[in-house]
Amino acid sequence: MDEVIFLEVLEGDGVDARHRLERFPATVGRAYTNDVILDDPKVSAEHLRIERREDGVLVVRDAGSQNGTWRVDPWARLAEMELVSDARVAVGDTVLRFRSRDHVVADTVVAEAPAAPRERLFERGLALPVAMLALLGTSLLEAYLGNYARTDWGSLTVAVVMPLALTLLWAGGWAVASRISRRQFHYRTHTTIACLVLLGAVVLPPAITALGFGLSLGRGLGWLQHLAFLGLMGWGLFWHLRYVTRWQSGRLVRVLAVVTLVFGALSRADDLLGNEPFSTSLEFPRTLLPPSFRLSGERSVEAFFAGTEGLQEEVDALVREE
Amino acid sequence: MSAILLAAVLAQAPVAPVEPGPPLPDSVRALPAPPAPPPAVLPPATHELFQRIQNRVAQVRIIERRSGTRSSIGSAFFVSGTGHAITNYHVVSDVVLHPEDYTAELVLRRGGEPVPARLLDVDVVHDLAVIRIQEPVADFFALEDREPPQGTRLFAMGNPHDLGTTIVEGTFNGLIQDSLYERIHFSGAINPGMSGGPTLTGEGRVVGVNVATMGNQLGFLVPMKHARALLARAVAEPEVEEATLLERVRQQLLDNQQLLTERLMTAALPKQPLGSYQVPGRWTPFLKCWGDTPHDPEVPYTVTNYQCSSEEDIYLSSHHRSGVVAYLHQHATSQKLGALRFSSLYSALFSQDPDLVEASREDVTNFRCETQFVDVGGLPVRAALCLRAYRRFPGLYDLVLRAATLNASTSGVDTSLTLGGFSAANARRLARRYLEVLSWTK
């Protein structure tokens, strides 16, 4: 090997510490007299030496250690071993790797087009308070409008506290994930994203039922609602994950599209397979809104009853399905 | 509502009927005549009556083939010397619906092994059935349909809760007024297990067949004229495959719904004022209507209910009823709620369906609905029409019509009509007539 070699202390697949060795013999062990000090209790005070043999070859030699020095591949106890590049040696619980200066490194990973970091809308300072206020306001309004009995302060309080607690907890989970994988919490950003997702979840159902009422949509409404929720879920996961992984956005979109579609299909598997459990309930939209919400026109009684003639064939078909 | 009695019967010892009946139909007359009656004297005491007729009553057992044991019991009484006996349809419904799984047998009062019985014919609308054992019967009732005067003392026989043959005293109170399916009102205790047993006058003449109770001495009997007609039919065509009975039940249901439809379509549907709306009122006398407005000062709205129902149905199986007409209107109004909060209330009312006709998975399909905005004589309405088919009886359907008016932002009428066991065309005709009555008076 070369004049200069590197001793690497491995931890899993990664390198925990790297030592440049230029002068030989070099000693490795727990004692402070060594050139390379290992804080492993199973390593002896003077554990091994790296030295040049008479023929000029660099070797690793055990210095009479308590627990021995082991070659990793194949596993064998060694007294002396010639050093080749990438050779690995185990001492105590520690694995050492030797590499020479001419070790070839992998190609550089190509990054997305480098650009100045763009500040996203929900990273701005005002985004969080605005999103949070919008969420709490909407939630409160929905609780107020949905209650036709006397004002119930308890349920109004819940309508504020619940989304607040939910977003903070949810964002906390994502922030921890961000911290682990990217060393930064991004808590504000995650909270803003969580607020926007929940705002969507609060606003979408009434918006879709109002649309369904206005246009007198029947059975398509359930699917529309399902799709809207899947879209919302995909959007929320995308932005949360943008602050957690370093994946490129194209890859993230592809993965999330698959995940969302699989989730959507599984949650509707019964419908997709045509498995309809027996039920005595009537399945039709029950929303009634003030007259001004009605967009589509009325049919005549004649036309309505003519339109119901197909029902007979539908239920007759159900009998034949058995 | 009246509970169907499922269970008891009595066995009997040979004694002669006291009163000679009016002439039977030819087919019945051809049977051996009952033994000659003894001379009429004062009405005998109850124990004498019981002694005299106990052998004319038997217990019906429905045997499930695989377990080989009884799955339900009821009562029956002999009406011919050749083994014909009358019971309720609901006692033998399992044999009609699943002839491959169930058979019937009679336990005679004289003791001995139970005798297998064949199901000959049924009248599902009046809840009657004729069964027959393959051995001659010495002692039986002659059927006649003379009605006794109101207040006559009657005796119901049967086997309540399988406690043994029982005789119960009560009084005759004529036909139930304005009923959809004819029933005699018997003021006496009829209990589960007495179904299919006879109710007699003191002379031992059968007045009706025990069928149902509302508790507290309110009992119901099927008038004898229906039993006589059914017996005549069964005797005229003695060999009927048990499997074809299902088709016969279907035909009877179809005929009945046709009759019902015609009765309703020929009657004028009165308009009942409800708030500032007019809604369908009491369509025919057999519908019983009730109304109420719950008063709760805490609540910022008022909802007025108006509902009509035949309060009677046809028993098809333990979990399937048919032949029902019922409707409910709910008028909601509020001075205090805004338009959107009123919408929440109104949607909540519209989301609740009234009790539907009872049915299980093997009886009916799921509902299919069609919903639209409909213009009913200028009044905008959100209407939904739902239909489900009977699985065992092709051509019969349950229909539910739901409609809510949409002309005002803080008041409205939500209505629902339930029609059980009609042909699709008839159900739609009735629903249309019903919907067209809705109107706004301001």
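Residues numbered from 1 in each chain as written. Chains lettered and ligands numbered in written order. Predicted model: local features only at pLDDT ≥ 70, side-chain atom pairs only at ≥ 80, totals over all residues. Heavy atoms only, no water.

Student: Got a sec to walk through the pattern of salt bridges? Specific residues and values, please.
Tutor: What the rule picks out here adds up to 35 salt bridges over all chains. Note that Asp353(B) and Arg286(A) form a salt bridge whose closest N and O atoms lie 2.7 Å from each other. Of the two residues, Asp353(B) sits in the loop between α6 (339–351) and β21 (368–376) while Arg286(A) sits in the loop between α6 (269–272) and β12 (299–300), which places them in two different chains. For Arg286(A), a relative accessible area of 13% translates into the label buried. Here Asp353(B) and Arg402(B) are joined by a salt bridge, their closest N and O atoms 2.9 Å apart. Pair noted here: Asp353(B) is in the loop between α6 and β21 and Arg402(B) is in strand β23 (residues 397–405), with a separation of 49 residues, a long-range link. On the basis of relative accessibility, which here comes to 25%, the residue Asp353(B) falls in the partly exposed class. Given a relative accessible area of 1%, Arg402(B) falls into the buried group. Here the salt bridges do not stand alone but share partners, grouping Arg49(A), Glu51(A), Arg53(A), Asp55(A), Arg61(A), Glu80(A) and Glu82(A) into one network. (Salt bridge = Lys/Arg side-chain N within 4 Å of Asp/Glu carboxyl O. Helix = DSSP H or I, 4+ residues; strand = E, 2+ residues; numbered from the N terminus. Buried < 20%, exposed > 50% of the residue type's maximum accessible area, 1.4 Å probe, protein only.)

Student: Can you break down the layout of surface pockets residue by residue, with the values?
Tutor: In this structure, the largest pocket spans a volume of roughly 1,200 Å³. Forming the boundary of the largest pocket are 37 residues, of which Arg219(A), Asp271(A), Glu276(A), Glu283(A) and Arg368(B) lie nearest the centre. Of all the secondary structure elements, the ones that give two or more residues to the lining of the largest pocket are α4 (220–242), α6 and α8 (309–321) of chain A together with α6 and β21 of chain B. Looking at the lining of the largest pocket, its residues break down into 10 nonpolar, 13 polar and 14 charged. (1 Å grid on protein atoms, 1.4 Å probe; cavity = no way out; pocket = protein on both sides within 12 Å on 5 of 7 lines; lining within 4 Å. Points joined across faces, edges and corners; volume = space filled by probe spheres on them. Nonpolar A, V, L, I, M, F, W, Y, C, P; charged D, E, K, R; others polar.)

Student: Mind laying out the side chain of Ser178(A), listing which residues take part and the relevant values?
Tutor: With respect to the secondary-structure elements, Ser178(A) resides in helix α2 (residues 153–182). Since its relative accessible area comes to 0%, Ser178(A) is described here as buried.

Student: Please give an account of the packing of helix α5 (residues 245–266) of chain B against helix α7 (residues 424–435) of chain B that cites residues and values.
Tutor: Residues and elements named next belong to chain B. Between α5 and α7, the shortest axis-to-axis distance is 10 Å and the interhelical angle comes to 20 degrees. Between α5 and α7, the angle is such that the two are roughly parallel. Taken as a pair, α5 and α7 cross one another with a handedness that is left-handed. Two secondary-structure elements touch here, α5 through Gln 257, Gln 258, Thr 261, Leu 264 and Met 265 and α7 through Asn 426, Arg 429, Leu 430 and Arg 433. Looking at the contact of α5 with α7 residue by residue, the class counts come to three nonpolar, four polar and two charged. (Axes fitted to C-alpha atoms, helices over the stretch in contact; angles between N-to-C directions. Parallel < 35°, antiparallel > 145°, perpendicular 65-115°, else oblique. Left-handed = near helix turned anticlockwise from the far one by under 90°. Contact = heavy atoms within 4.5 Å.)

Student: Hey, could you go over empty space enclosed by the protein for me, with residue numbers and the actual values?
Tutor: Going through the model one piece at a time under the given rule, you end up with two cavities of 30 Å³ or more. Each pocket or cavity is described by its volume, and for the second largest cavity that value is around 40 Å³. What lines the second largest cavity is Leu288(A), Leu289(A), Pro290(A), Phe342(B), Ser343(B), Tyr346(B), Leu406(B), Ala408(B) and Ser409(B). Its residues assigned to classes, the lining of the second largest cavity comprises seven nonpolar, two polar and no charged.

Student: Can you lay out α8(A) for me, pointing to particular residues and giving the numbers?
Tutor: Listing the buried residues of α8(A) in full gives Leu311(A), Val315(A) and Leu318(A). Looking down the long axis of α8(A), one finds its buried residues gathered within 45 degrees of arc, a one-sided arrangement. Exposed residues lying more than 90 degrees from the buried face of α8(A) are Glu313(A) and Arg320(A). If you follow the buried residues of α8(A), they end up packed against β21, β22 (379–389) and β23 of chain B. (Arc of directions from axis to C-beta.)

Student: An account of the confidence of the model for chain B is needed here, citing residue identities and associated values.
Tutor: All names here are of chain B. Across chain B, the average pLDDT comes to 86, with 90% of residues at 70 or higher. For the stretch residues 5–31, pLDDT sits under 50, and the model shows 133 contacts to residues farther than four places along the chain or on other chains. On the interface metric, ipTM, the complex scores 0.81, and its pTM is 0.78. (pLDDT = per-residue confidence, 0-100.)

Student: Tell me about the environment of Ala403(B), and name the residues and values.
Tutor: Residues and elements named next belong to chain B. Tracing the chain through its elements places Ala 403 in strand β23. On the basis of relative accessible area, Ala 403 is assigned to the buried category, the value being 0%. Linking Ala 403 and His 329, residues 74 residues apart in sequence, is a C-alpha distance of 9.5 Å. Setting aside anything within four residues of it in sequence, one finds Ala 403 in contact with Phe 350, Val 381, Arg 382, Ala 383, Val 413, Asp 414, Thr 415, Leu 435 and Leu 438.

Student: Before we move on, can you summarise the domain arrangement of chain B with the specific residues and values?
Tutor: Residue and element names in this part refer to chain B. When cut into domains, chain B gives domain 1 (45–240) and domain 2 (251–440). For domain 1 versus domain 2, the distance between C-alpha centres works out to 36 Å. Carbon and sulfur atoms make up 56% of the surface buried where domain 1 meets domain 2, a total of about 1,500 Å² over both sides. Applying the counting criterion to the domain 1 and domain 2 interface returns one salt bridge. Between the two partners, domain 1 and domain 2, sit eight residue pairs in polar contact (both at pLDDT 80 or more). Residue assignment for the side of domain 1 that touches domain 2 shows that the elements contributing at least two residues are α3 (89–97) and β6 (115–123). Residue composition of the side of domain 1 that touches domain 2, grouped by class: seven nonpolar, five polar and three charged. (Domains from an automatic or database assignment. Buried area = accessible area lost by both parts, 1.4 Å probe. Polar contact = N/O pair within 3.5 Å; in protein donor to acceptor, adjacent residues only side chain to side chain.)

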